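A structural walkthrough
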Amino acid sequence: MEPTGEEHSPSVGNQVAAFENSRRTPGAAARAHALEDTHHSPELAPGPWATPDLGEALGPGPRTVSRQYLSSLKNKLSSRTWRKSCQPAVCPGPGTQEPEEKRIVQELLETEQAYVARLHLLDQVFFQELLREARSSKAFPEDVVRLVFSNISSIHQFHAQFFLPELQRRLDNWSAMPRIGDVIQKLAPFLKMYSEYVKNFGRAAELLAAWTDKCPPFQEVIARIQSSEASGSLTLQHHMLEPVQRIPRYELLLKEYVQKLPAQAPDRADAQKALDLIFSAAQHSNAAITEMERLQDLWDVYQRLGLEANLVDPSNTLLREGPVLKISSRRSDPMERYLFLFNNMLLYCVPRVIQVGAHFQVRTRIDVAGMKVRELSDTEFPHSFLVSGKQRTLELQARSQEEMVSWIEACQVAIDQIEKRNETFKAVAQGSEGEAQELELQSEQLGLRAPQWIRDKMVTMCMRCQESFNALTRRRHHCRACGYVVCARCSDYRAQLKYDGNRPSRVCVSCYAFLTGSVLPGDKDRRPGILEKGASPGPEQSVICGFLQLTGDKWSRPGPRGWCVIPRDDPLVLYVYAAPQDTRAHASIPLLGYQVTPGPQGDPRSFELQQSGQLYAFKAETEELRSRWVQAIGRAASGRIPGEPEDGDLSD
């Protein structure tokens, strides 16, 4: 005979009666309900709370929901591969002639009856008993109870008053109307209410664990109900997990029902539509879990930042975080820093020495809107990149090439998203016209965004008046508008900079004139000297450039190395600067007629320039660089101007 629902699933009334009896006889804790659980089709993995042992459930250890379990549950909700292993094991009795589809509907009804009994236990027993205790004893707030159970009352009411009665009526009238697709299709959209419950599930678990530990009356009510026959000696956490698992169970049974239907069955089209709606509800729960994980990750980051009010925003999305090195414009060694990249801002942080509470201190917040990022070509600091924003410009160094590329790509993704949302994305012009427009744009943005500061060691003289720096009477200062290194006389001006909140800041004489429109007395009509020629910042404007050691007695140099440049617009002259960003050369050598000879014997990196008693000695860092310099100087000494395709690029 076909097993009846009474043999396998006690009614809601029976479960409530069992609970009332257990309240009158507290020592009775039967295991009939646990036996009923094992008969039905298997549940999804119960997760980190699945333990029938009451003492362990109320032990001192934490009982927060596992993030790993939530991730696995999300994958299960969106994957179809796990269902084959979860097929319900049904063993029909001998002589059963019922159609397969009716057997599945019968199983759906039986599991729904057991599920409604569990919902009744959660809503009318656990929830209401805790509310009564909160109102009478005032030992814990009512709001805590409501947060723990979320919208369980709405879910219980829907299943008890609508879904279960409709299934029962349809099965009772199966011979006249053998179909359930239309019933589920009509009611399936209401299953999206589960997303609120699932979204609150992690928070509810934390509240339940916290108040069970610190509030004895709260713990006593839960322990009394858990020991009852109606609870089947299962924990409250176990029962709270059932609504999370219910929608995948519907999808499982309905999928099997559609497979068992004959090809011409009248219910096939409706059942398939119902299955699609159930799958949509499962995806809705999946999205809720994803959102919950995002908010949890965001909250963890905000706690590490000290929960600063101007940073906490639940709408943000963390894109990337990690350590970097900050290249200082004044210090020679980079400093350890930490970056948090969100969808709308980049936080530049300093790790705290004593990490009590906040782990990082926010030094600068750079808005992604208007931010630019690019790789730097710096032999001294490999894997470096530049982040330029309205608030500040940072030179940063990653630990590897892959890490640098990853940071640049992540920043660019955030920038592109902001630009698309604001509908201000424009294509960058190409070629020389584009470069001219970019230079013009940079001058127009003077004071609107933080500049990239020139490093102190890259210059030995003021970048405006070309006077040499010294430690006493002519010290280095940075212009806050253009980033140039200038002396005190050339930076004795103040101008309001928009990126710095319109506060008066130190600027150089040129930026002051541009920003304020003031005409300052100066020597703008003075012709530049023969040595006042800007050093080449890179290979695009020079035939070859790089550091060379200046050896021999010919040099009255300020240091052991010189920045040597053969510019493209003056390709027959070698300029020697004290630093790469100096605008006045320390010396210039017309190369025409000079002979390039090897250096002292036994040193393959040295070479000399000789002409009419003049002797200049140089030493490159490697033999390969020496060969390139000798080739470039030899071509200039013979009067050949570079430009032919075979000349190539000799720049360091």
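These lines cover the structure that appears in this document, whether it is placed above or below. (Residues numbered from 1 in each chain as written. Predicted model: local features only at pLDDT ≥ 70, side-chain atom pairs only at ≥ 80, totals over all residues. Heavy atoms only, no water.)

Tallied over the entire structure, the rule returns 15 aromatic pairs. Pairing phenylalanine 547 with tryptophan 563 gives two aromatic rings, centres 4.9 Å apart and planes at 75°, and the pair type is edge-to-face. With a gap of 16 residues between them, phenylalanine 547 in strand β12 (residues 542-551) and tryptophan 563 in strand β13 (residues 561-567) connect regions that are remote in the sequence. Of the residues examined, tryptophan 563 reaches a relative accessible area of 11% and is grouped as buried. The rings of Phe158, Phe163, Phe190 and Tyr250 are connected pair by pair, giving a single aromatic cluster. Above the plane of the ring of tryptophan 211 lies lysine 214, whose end atom (NZ or CZ) is 4.1 Å from the centre. Looking at arginine 320, its charged tip hangs above the ring of tryptophan 407, at a distance of 4.5 Å from the centre. (Phe/Tyr/Trp six-rings, centres within 6.5 Å; stacked < 30°, edge-to-face > 60°. Helix = DSSP H or I, 4+ residues; strand = E, 2+ residues; numbered from the N terminus. Buried < 20%, exposed > 50% of the residue type's maximum accessible area, 1.4 Å probe, protein only. Lys NZ or Arg CZ within 6 Å of the ring centre and 35° of its normal.)

Position of asparagine 343 relative to the elements: it lies in the loop between β2 (335-342) and β3 (345-351). For asparagine 343, a relative accessible area of 16% corresponds to the buried category. Within polar-contact distance, the side chain of asparagine 343 engages the backbone nitrogen of threonine 317 at 2.9 Å. Beyond its immediate sequence surroundings of up to four residues, asparagine 343 is in contact with Ser315, Asn316, Thr317, Leu319, Val368, Ala414 and Ile418. (Polar contact = N/O pair within 3.5 Å; in protein donor to acceptor, adjacent residues only side chain to side chain. Contact = heavy atoms within 4.5 Å.)

Before going further, it helps to spend a moment on helix α7 (residues 142-149). Within α7 the residues assigned to the buried category are Val144, Val145, Val148 and Phe149. Axial view of α7: buried residues confined to an arc of 120°, hence all on one face. Next to the buried residues of α7 lie α6 (100-137), α8 (152-172), α10 (194-199), α11 (201-214) and α13 (236-260). (Arc of directions from axis to C-beta.)

Here we take up the pattern of salt bridges. Counted according to the given criterion, the structure contains 21 salt bridges. Its salt-bridge partner being arginine 169, residue glutamate 166 comes within 3.1 Å of it at the nearest N-O pair. Linking glutamate 166 with arginine 169, this pair stays in helix α8, spanning 3 residues, or about one helical turn. For aspartate 367, the salt bridge is made with arginine 365, and the minimal N-O distance between the two is 3.5 Å. Owing to a relative accessible area of 25%, aspartate 367 belongs among the partly exposed residues under this scheme. Through salt bridges with shared partners, a single network forms among Glu100, Arg103, Glu107 and Glu256. (Salt bridge = Lys/Arg side-chain N within 4 Å of Asp/Glu carboxyl O.)

Membership of the largest hydrophobic core comes to 66 residues, with the highest contact counts inside it found for Phe149, Ile184, Met240 and Tyr257. Setting aside its immediate chain neighbours within four residues, isoleucine 184 contacts Leu108, Phe163, Leu254, Ala274 and Ile278. (Core = buried A, V, L, I, M, F, W, Y, C linked by side-chain atoms within 4.5 Å.)

Right, let's talk about the sheet that holds strand β14 (residues 573-577) for a bit. Reading across from one edge, β15-β14-β13-β12-β18-β17-β16 is the order of the 7 strands in this open sheet, with antiparallel pairing throughout. The open sheet terminates on both sides in strands that have one partner only, identified here as β15 (587-590) and β16 (595-598). When strand polarity is set aside, the average angle formed by the axes of neighbouring strands in this sheet is 35°. Across 4 bridges, β16 lies against strand β17 (residues 606-611) in antiparallel orientation. Within β17, the position partnered with proline 598 by the bridge is phenylalanine 607. Here helix α18 (residues 623-637) sits on the sheet in contact with β12, β13, β14, β16 and β17, set at roughly 115° to β12. (Pairing = 2+ DSSP bridges. Axes fitted to C-alpha atoms, helices over the stretch in contact; angles between N-to-C directions.)

With that settled, consider the packing of α6 against α13. Interaxial distance between α6 and α13 falls to 10 Å at its minimum, and their mutual angle equals 165°. Judged by the angle between their axes, α6 and α13 are roughly antiparallel. α6 and α13 meet at a crossing whose hand is left-handed. Broken down by class, the residue content of the contact of α6 with α13 amounts to 14 nonpolar, 3 polar and 11 charged. (Parallel < 35°, antiparallel > 145°, perpendicular 65-115°, else oblique. Left-handed = near helix turned anticlockwise from the far one by under 90°. Nonpolar A, V, L, I, M, F, W, Y, C, P; charged D, E, K, R; others polar.)

Assignment of secondary structure puts glutamine 541 in the loop between α17 (509-516) and β12. Each C-alpha atom of the pair glutamine 541 and isoleucine 566 lies 9.2 Å from the other, and the pair is 25 residues apart in sequence.

Using the criterion set out here, one finds 0 disulfides in the structure. Of the cysteine sulfurs around cysteine 511, a residue in no disulfide, the closest is that of cysteine 508, at 3.5 Å. You can call cysteine 511 buried: its relative accessible area is 3%. (Disulfide = S-S within 2.5 Å.)

Bringing the environment of valine 576 into the picture now. Its location among the elements puts valine 576 in strand β14. Looking at valine 576, the relative accessible area reads 1%, which means it is buried. Sequence separation between valine 576 and valine 565 is 11 residues, and the spatial gap between their C-alpha atoms is 6.5 Å.

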